[in-house]
Every structure is written in structure tokens, then in C-alpha cells.
Amino acid sequence: MNVQENISLKPYNTFGIDAKARFFIEISSIANLKKALQSEIHPDLFIISGGSNMLITKDIDALVLHMNIKGKEILKEDDEHVYLKVMGGEEWHDTVLWCLEQDYGGLENLSLIPGRIGTAPIQNIGAYGIELKDTFVSCETMAINDQSIKVFTKEDCQFGYRESYFKNEGKNKYIITSVILKLTKKNHELNTSYGAIESQLAAWEINNPTIQDISKAVVAIRESKLPDPKVLGNSGSFFKNPILSKKEFDIFINEHPEAKYYKISDGTYKVPAGWLIEQCGFKGKRFADAGVHKNQALVLVNYGNATGQEIIGLAHKIIDAVFEAYGIRISPEVNIIK
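Below is a short write-up of the structure. Not measured: the values here are computed from a predicted model. (Residues numbered from 1 in each chain as written. Predicted model: local features only at pLDDT ≥ 70, side-chain atom pairs only at ≥ 80, totals over all residues. Heavy atoms only, no water.)

**Concerning helix H7 (residues 246-255)**
- Taken residue by residue, H7 has Phe 249, Phe 252 and Ile 253 as its buried positions. For H7, the angular spread of buried residues about the axis comes to 90 degrees, placing them on one side. Of the exposed residues in H7, those oriented more than 90 degrees away from the buried face are Lys 247, Asn 254 and Glu 255.
- Residues of H7 that are buried make contact with strand S14 (243-245), strand S16 (268-270), helix H8 (273-279) and helix H9 (308-326). (Buried < 20%, exposed > 50% of the residue type's maximum accessible area, 1.4 Å probe, protein only. Helix = DSSP H or I, 4+ residues; strand = E, 2+ residues; numbered from the N terminus. Arc of directions from axis to C-beta. Contact = heavy atoms within 4.5 Å.)

**Here we look at the sheet that holds strand S6 (residues 72-77)**
- The 5 strands lie next to each other as S6-S7-S12-S10-S11, forming an open sheet whose pairing is antiparallel. Two strands lie at the open edges of the sheet, namely S6 and strand S11 (149-153), each paired on one side alone. Pairs of neighbouring strands in the sheet enclose a mean axial angle of 20 degrees, with direction left out of account.
- Sheet topology note: the S6/strand S7 (residues 81-87) ladder contains 5 bridges and is antiparallel. (Pairing = 2+ DSSP bridges. Axes fitted to C-alpha atoms, helices over the stretch in contact; angles between N-to-C directions.)

**Quick word on the pairing of S11**
- Sheet analysis places strand S10 (residues 136-143) next to S11, joined by 5 bridges and oriented antiparallel. Note that in S11 the partner of Cys 139 across the bridge is Phe 152.
- Count of turn residues in the S10/S11 antiparallel hairpin: 5 residues, of which Gln 147 carries a positive phi of about 60 degrees.

**Digging into the environment of Thr 119**
- By secondary structure assignment, the location of Thr 119 is in the loop between helix H2 (92-101) and helix H3 (120-123).
- Residue classification places Thr 119 among the partly exposed residues on the basis of a relative accessible area of 31%.
- Residues Thr 119 and Ile 312 lie 193 residues apart in sequence; the distance between their C-alpha atoms is 22 Å.

**Some words on the pairing of strand S3 (residues 45-48)**
- Because side chains alternate across S3, one face comprises the buried residues Phe 46 and Ile 48, and the other comprises Leu 45 and Ile 47, none of which is buried.
- Examined bridge by bridge, S3 and strand S5 (residues 60-67) share 4 bridges and lie parallel to one another. Across the sheet, residue Leu 45 finds its bridge partner in S5, namely Leu 63.

**Focus: the nonpolar core**
- Residues Phe 238, Phe 239, Phe 252, Leu 300, Ile 318 and Ile 330 are the most contacted members of the largest nonpolar core, which totals 48 residues.
- Considering every element that reaches this core, the biggest residue donor is H9, with 8 residues.
- Beyond its immediate stretch of four places on either side in the chain, Ile 330 contacts Phe 239, Pro 242, Ala 273, Leu 276, Ile 277, Ile 318, Ile 319 and Val 322.
- If you look at the next biggest cluster of nonpolar residues, it comprises 36 residues, including Cys 99, Tyr 128, Ile 211 and Val 218. (Core = buried A, V, L, I, M, F, W, Y, C linked by side-chain atoms within 4.5 Å.)

This is how it looks when you write it as C-alpha cells:
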């Protein structure tokens, strides 16, 4: 077990925040993870994977474990479906591309989402009308306190909009080591109605899209809006889209009839946080090295040397401005490490 000290976490978080880890261990196997959790190197523990959904605001005075366990396995399959087990250290988008090569359907709308498999259930990642829970079967975890193995079903995970058991009651209790997904082998259920997928396919003159076509459309749309973290530090969508009750929505839309929105059900409506932020004048604005991306107001960016405190300071400015203008309090989707 190779323990490193005072390691910069800049390469391990997509915001590119240069915070230091007091102790650092690369985790490449279940046995390695168990041994690290049983160690007494430091009383505090911090888990990092792809580092794509976090904003680090200070040095981490703890034992940092970088989850890097790799591997894929087909557990079972029939004519219609395949059950795929993927280890937590696999990159999400690489896994999507692999599935598309096998013509396995279900993940195509989730193309180009940054991060790794092991953190996907924590956030219940989603995009373009699809969420992880739509293909999720279960995940295997290791309990931090006693290193016991526990399997969580879809119901156990208590998935919600960018929510799960692991963000609430289960926070800091378990490490997700693998995920099982149920994917289609034929008769794929295509979802092209959300966002700009249909218009992108129409521009390519594709009338009968495959799952591969949908993935390519999603990648094209995301690349047109979202900066590459390797070029410009960011964590994708920084804020959740607020969900309003019918009563709240009726008041809001009466005051702002020009607003964009999506009807989720008879009782709930989603208002794009990016639209709210853009209307408040933040799109493309830069404050020293912290800024709002020029193509997508949902994305906060690090132009090089921004600190986590500067990014969160900008986020609070945006939250306050949106609330003052619209009476809606948006909240971060990103996990803030304070």
C-alpha cells in the first residue's frame, strides 16, 4: 500500500482546484480498499473518484483514497437484455461508448457525462430525459466502518432528482465498488424528445436514428455548450434545475410569461436554472479566474488559478441574484467540500 503525503489534488478534480491531500492512496482493488480502510494513518477519510462533481474549497487534512478499481463483466443475458457489472473506477463515458460498440441500449442519452461509474448512483446522474435509475439494478458497496460488503437495490438507493440515499442518510457510510446495469440488446427504447436531440438529428437528416446516432447527437450538443475540463476547469452543470409546485409555478409564470419551463407532471414544473442565471446577466461573466461559461450559464469555470472559495463566492452571488429577481432559490448540484 503506497501512501503519499502532501499530494496536489489538481489532477484529480475537474475544476482543477490546487488543494493538497495530507495523505493519499491509489485504490486499485477491493483488497487494497479494505486494507486502506483498516489503516490508522489519519482519523479522517476522504474519497475521490473522477472528481467531476465536486468543488474543493480547502486543503484536505485527511487520508484521501482515489478510487481506481477497473473491470467489466457480463453477469447474464437473454435475447432481450444484458446485465452488465461495471467496477467503480471505470470512466462513465468510456463505459457508454463500450456499450454502444456492443449495441447495448439505455445509456446513449447519458453520453459525455464526466465522472466514473462508482459515483453515478450518488448523484443519480441524468441528461436529456434519462437518469441512471432507468437502467440501474443494484450496486455493491463496502461499509467504511467495518469493511462489510452490502448490496443496494434500486429501491434501497432512494433515487430522486440528482439525489440518492448516498447523498443523505448514507453519506460517508459506504463506498460504491461496482454497479449492475440492465441494458437492451434489441428493440431499444429511444428517447429523442428532450432538449435539442431531434433538431440535431434533423440537421444530419437522420429520420430513423440508432442508439449510436442519439449518442453522437448528445455528444455534439454537449460539446457545443460545455467546456472540456481538460482545457477549462469545470464540473459540468453547477446548479440543479429548480422544481416548482403548481402553485409556485402559477405565480412565477404569471409574473414572467416569457420564462422557459418543462412540465414534469400535473403538479410539478422544472424551470431551467441556466435560463434564470442568463436573465440575471451572468452568462460569460468573469470575476478574476472564476467565471460563468459563455455558452452555458449553468456551468461555472476556473480560468486557471481560481480557488474553491472564489468559485463558491461566485455561486452565492448568482443564487442571491436569481432569488431577488425571480423568488426562486437555486441550489448547487455540485458537492461542495468545505
